[in-house]
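Here is how the chains run, residue by residue.
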Amino acid sequence: MKKDKYEILLVEDNPGDILLTQEAFSEVTVKNNLNVTEDGEAALDFLYKRNGYEDATTPDIILLDINLPKKNGFEVLEVVKSDAKLKSIPIIMLTSSESEKDIATCYALNANSYEQKPVNIEIYDDAIKNITQFWLNTALLAVKIIEN
């Protein structure tokens, strides 16, 4: 089921990467609302609608970095994919790590995709467009039957 506007949660602590991602999403053809949290605990607060995020909208997809303060991306991934109400949300790991161990760990924790952040700004834009094309234009996302 296609939507008029998609909710995206970016979990990223690097201000430069946040800005690049915001700019890239402003240029995609799919209408979206990009929400940002800068650490793992804030991401879980957003998803569970607590501690100042009571009005947060459940995201359609999550872009998750590994190296985060408070709770790292592995911890966030494990919590989300263990929760019956949240586990159907696609989580795309968007990280600078190319470690085979990190990749294997993310897939073992049920990440839906693992993307290495490009260092070149044009390639970064293309990466976001590709993520958007697949996850918001091609893939059929689960309909939210239960809202928190």
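For the structure itself, consult the block above.
## Comments concerning helix α1 (residues 15-26)
Spacing of three or four residues puts side chains on the same side of an α-helix, whose turn is 3.6 residues. Given a rise of 1.5 Å per residue, 12 residues ought to cover 16 Å, and the 16 Å separating the end C-alpha atoms of α1 matches this to within 8%. Burial in α1 covers these residues: D17, I18, T21, A24 and F25. The arc enclosing the buried residues of α1, seen along the axis, measures out at 130 degrees, which places them on a common side. Every exposed residue of α1 that faces more than 90 degrees away from the buried side is listed here: P15 and S26. Packing partners of the buried residues in α1 comprise β1 (6-11), β2 (32-37), β3 (61-64) and α5 (121-138). For α1, the N-terminal cap is N14; the gap from its side-chain oxygen to the backbone nitrogen of G16 is 2.7 Å.

## Side note on the sheet that holds β3
As summarised here, the arrangement of the 5 strands in space is β2-β1-β3-β4-β5, forming an open sheet in which the pairing is parallel. Strands at the two margins of the open sheet, each flanked by one partner only, are β2 and β5 (113-116). The average undirected angle you get between the axes of adjacent strands in this sheet is 20 degrees. Taken together, the 3 bridges between β3 and strand β4 (residues 91-95) define a ladder with parallel strand orientation. Among the inter-strand pairings, L63 is bridged to a residue of β4, identified as I92. Sheet strands in contact with helix α4 (residues 100-108) are β4 and β5, and its direction is about 150 degrees off that of β5.

Rules and cut-offs
Every chain begins its residue count from 1, and numbering advances along the sequence as written. Local features in this predicted model are restricted to residues of pLDDT 70 or higher, and side-chain atom pairs are both shown and tallied only at a pLDDT of 80 or more, whereas totals for entire chains, interfaces and linings draw on every residue. With hydrogens and water set aside, each side-chain value is computed from the structure's full complement of heavy atoms. Put simply, DSSP H or I for four residues or longer makes a helix, DSSP E for two residues or longer makes a strand, and each gets a number counted from the N terminus. To estimate how far a helix should extend, the number of its residues minus one is multiplied by 1.5 Å. Burial here depends on accessible area, computed with a 1.4 Å probe over protein chains only, as a share of the maximum for the residue type. Under 20% is buried, over 50% is exposed, and the range in between is partly exposed. By definition, the arc is the one covered by directions from the helix axis to the C-beta atoms. Here, two residues are considered to be in contact whenever any of their heavy atoms come within 4.5 Å of each other. Any N or O atom pair separated by 3.5 Å or less is treated as a polar contact, with the protein-specific requirement of one donor-capable and one acceptor-capable atom, and with residues adjacent in sequence counted only for side-chain atom pairs. Should DSSP find at least two bridges between two strands, the strands are regarded as paired. To obtain each axis, a line is fitted to C-alpha atoms, and for helices this fit is confined to the stretch in contact; angles are then taken between N-to-C directions over 0 to 180 degrees.

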